[in-house]
Amino acid sequence: MYDKILRERELKVTPQRIFILEEIKKMGHASVEDLHERVKDVYSSVSLATIYKNIHLLVGEDILTEVPVHGRKPMYEINIGDHVHITCPHCGSVEDNMDMDTAPFIAEANRQTGRKFDRVAVMLQGACSKCNN
Ligand SMILES: [Zn+2]
Ligand SMILES: [Zn+2]
């Protein structure tokens, strides 16, 4: 599946790139360091810099999306379109919320600025149920 996506973007299909994408899919959201830990288990010689380079390339091609997390390293996810992220500042957990509609917000932003926005990133921050106890 990911080899096809890479080929469509005319990117070289490498085992590391496929592995990175499969791991992000499994984890949902992952930092560069998380990914380096996992990739290292299989491809022991891969450096953190190589992971960075690949991630930034995949973000540039819209295959991955960068998810900023307040006060922490950004996370990366497979690009599934705009959705709301719910984060916990205590444990750093990141959840997707596909139900909240961001379209009214974009419409309002377009109206107020006269610009035409096509993407929005919403990050909600608050203690998760685990950290609240
Ligand atoms: Zn938490
Ligand atoms: Zn997400």
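The preceding data block contains the structure.
On a predicted model such as this, the values are computed, not experimentally measured, just so you know.

(A) Up close: the overall build of the protein chain. Looking only at helices and strands, the protein chain features six helices and five strands. Ordered by position in the sequence, the α and β elements of the protein chain form the string α-α-α-α-β-β-β-β-α-β-α. Structurally, the protein chain occupies a C-alpha span of about 50 × 45 × 25 Å along its principal axes. The long-range share in the protein chain, meaning contacts at least 24 apart out of those at least 6 apart in sequence, stands at 45%. Carbon together with sulfur atoms contributes 51% to the accessible area of the protein chain, which is approximately 8,500 Å² in total. Averaging the locations of the 17 positively and 20 negatively charged side chains of the protein chain gives two centres separated by 3 Å.

(B) Broad picture of the coordination of the zinc ion (ligand 1). Only Cys88 (SG), Cys91 (SG), Cys128 (SG) and Cys131 (SG) from the protein coordinate the zinc ion (ligand 1), and they sit 2.3 Å from it. One can describe the donor arrangement at the zinc ion (ligand 1) as tetrahedral, given that its four donor atoms subtend angles of 104 to 115 degrees at the metal. Mapping the donors of the zinc ion (ligand 1) onto the primary sequence gives the spacing C-x2-C-x36-C-x2-C. Residue Cys88 is found in the loop between strand S3 (84-87) and strand S4 (94-97), and its partner Cys128 is found in the loop between strand S5 (122-125) and helix H6 (129-132); the two are separated by 40 residues along the sequence.

(C) Representation of the coordination of the zinc ion (ligand 2). Only His29 (NE2), Glu77 (OE), His83 (NE2), His85 (NE2) and Asp96 (OD) from the protein coordinate the zinc ion (ligand 2), and they sit 1.8 to 2.7 Å from it. In the primary sequence, the donor residues of the zinc ion (ligand 2) line up as H-x47-E-x5-H-x1-H-x10-D. One end of the pair, His29, is in the loop between helix H2 (15-27) and helix H3 (32-42); the other, His85, is in strand S3, with 56 residues separating them in the sequence. Judged by its relative accessible area of 10%, His29 is buried.

(D) A look at the side chain of Asn97. Assignment of secondary structure puts Asn97 in strand S4. There is a polar contact of 2.8 Å between the side chain of Asn97 and the backbone nitrogen of Met100. Contact partners of Asn97, with chain neighbours within four places excluded, come to His83, Val84 and Ile86.

(E) Seen up close, the packing of H3 against helix H4 (residues 48-60). Where H3 meets H4, the axes come as close as 9 Å, and the angle between the chain directions of the two elements is 120 degrees. In terms of axis orientation, H3 runs oblique to H4. Both H3 and H4 take part in a crossing whose hand is right-handed. Contacts between H3 and H4 pair Val32, Glu33, Leu35, His36 and Val39 from the former with Leu48, Ile51, Tyr52 and Ile55 from the latter. Among the residues forming the contact of H3 with H4, the class breakdown is seven nonpolar, one polar and one charged.

(F) Geometry of the packing of aromatic side chains. In this structure the tally under the stated criterion is one aromatic pair. Taken together, a centroid distance of 5.8 Å and an interplanar angle of 85 degrees make the contact between Phe19 and Tyr43 edge-to-face. Of this pair, Phe19 sits in helix H2 while Tyr43 sits in the loop between H3 and H4, placing them 24 residues apart in sequence.

(G) Focus on the pattern of salt bridges. A complete count under the given rule lists eight salt bridges for this structure. Put simply, Glu23 and Arg38 hold a salt bridge, and the shortest N to O gap is 3.1 Å. Residue Glu23 is located in helix H2, and its partner Arg38 is located in helix H3; the two are separated by 15 residues in the primary sequence. The class for Glu23 is buried, based on a relative accessible area of 6%. Connected via shared salt-bridge partners are Glu23, Lys26 and Arg38.

Scoring rules and cut-offs
The numbers attached to residues start from 1 for each chain and follow its sequence in the written order. To label them, take the chains in the order written and letter them from A, then take the ligands in the order written and number them from 1. For this predicted model, a pLDDT threshold of at least 70 governs which residues receive local features, and a threshold of 80 or more governs which side-chain atom pairs are given and counted, while totals over whole chains, interfaces and linings are taken from all residues. Side-chain metrics in this entry use all non-hydrogen atoms of the structure; hydrogen atoms and water are not considered. For helices the rule is a DSSP run of H or I covering at least 4 residues; for strands it is a run of E covering at least 2, with both sets numbered from the N terminus onward. Residues count as neighbours in contact if any of their non-hydrogen atoms are within 4.5 Å of one another. To be clear on the numbers: accessible area is Shrake-Rupley with a 1.4 Å probe, and residue cover counts the displayed protein chains and nothing else. Asp and Glu are treated as the negative residues and Lys and Arg as the positive ones, with His and the ends of the chain left uncounted. Working definition for charges: the position is that of NZ of Lys, CZ of Arg, CG of Asp or CD of Glu. Donor criterion used throughout: N, O or S atom within 2.8 Å of the metal, extended to 3.2 Å for Na, K and Ca. Water excluded; incomplete-looking sites may result. Angular criteria define each label, namely tetrahedral for four donors with all angles between 85 and 135 degrees, square planar for four and octahedral for six donors with opposite donors over 155 degrees apart and remaining angles between 65 and 115, and irregular for whatever fails these tests. Think of it in three bands: residues with accessible area under 20% of the maximum for their type are buried, residues over 50% are exposed, and the middle band is partly exposed, with areas taken using a 1.4 Å probe on protein chains only. Whenever two N or O atoms come within 3.5 Å, that pair is a polar contact, provided that in protein one can donate a hydrogen and the other can accept it, and provided that, for residues adjacent in sequence, both atoms are side-chain atoms. Think of each axis as a best-fit line through the C-alpha atoms, taken over the contacting stretch in the case of a helix, with angles from 0 to 180 degrees between the N-to-C directions. Angle categories: roughly parallel below 35 degrees, roughly antiparallel above 145, roughly perpendicular from 65 to 115, and oblique for all the rest. Whether a crossing is left-handed or right-handed is set by the direction in which the near helix is turned from the far one by less than a right angle, anticlockwise for left-handed and clockwise for right-handed. Each residue is assigned to one of three groups, with Ala, Val, Leu, Ile, Met, Phe, Trp, Tyr, Cys and Pro labelled nonpolar, Asp, Glu, Lys and Arg labelled charged, and all others, Gly among them, labelled polar. For this analysis, a ring pair means two rings from Phe, Tyr or Trp (six-membered ring only for Trp) whose centres lie within 6.5 Å, classed as stacked if their planes differ by under 30 degrees, edge-to-face if by over 60, and tilted for the remaining angles. Each reported salt bridge corresponds to a side-chain nitrogen of Lys or Arg within 4 Å of a carboxyl oxygen of Asp or Glu.

From the geometry alone we can't say anything about function, so treat these as descriptive.
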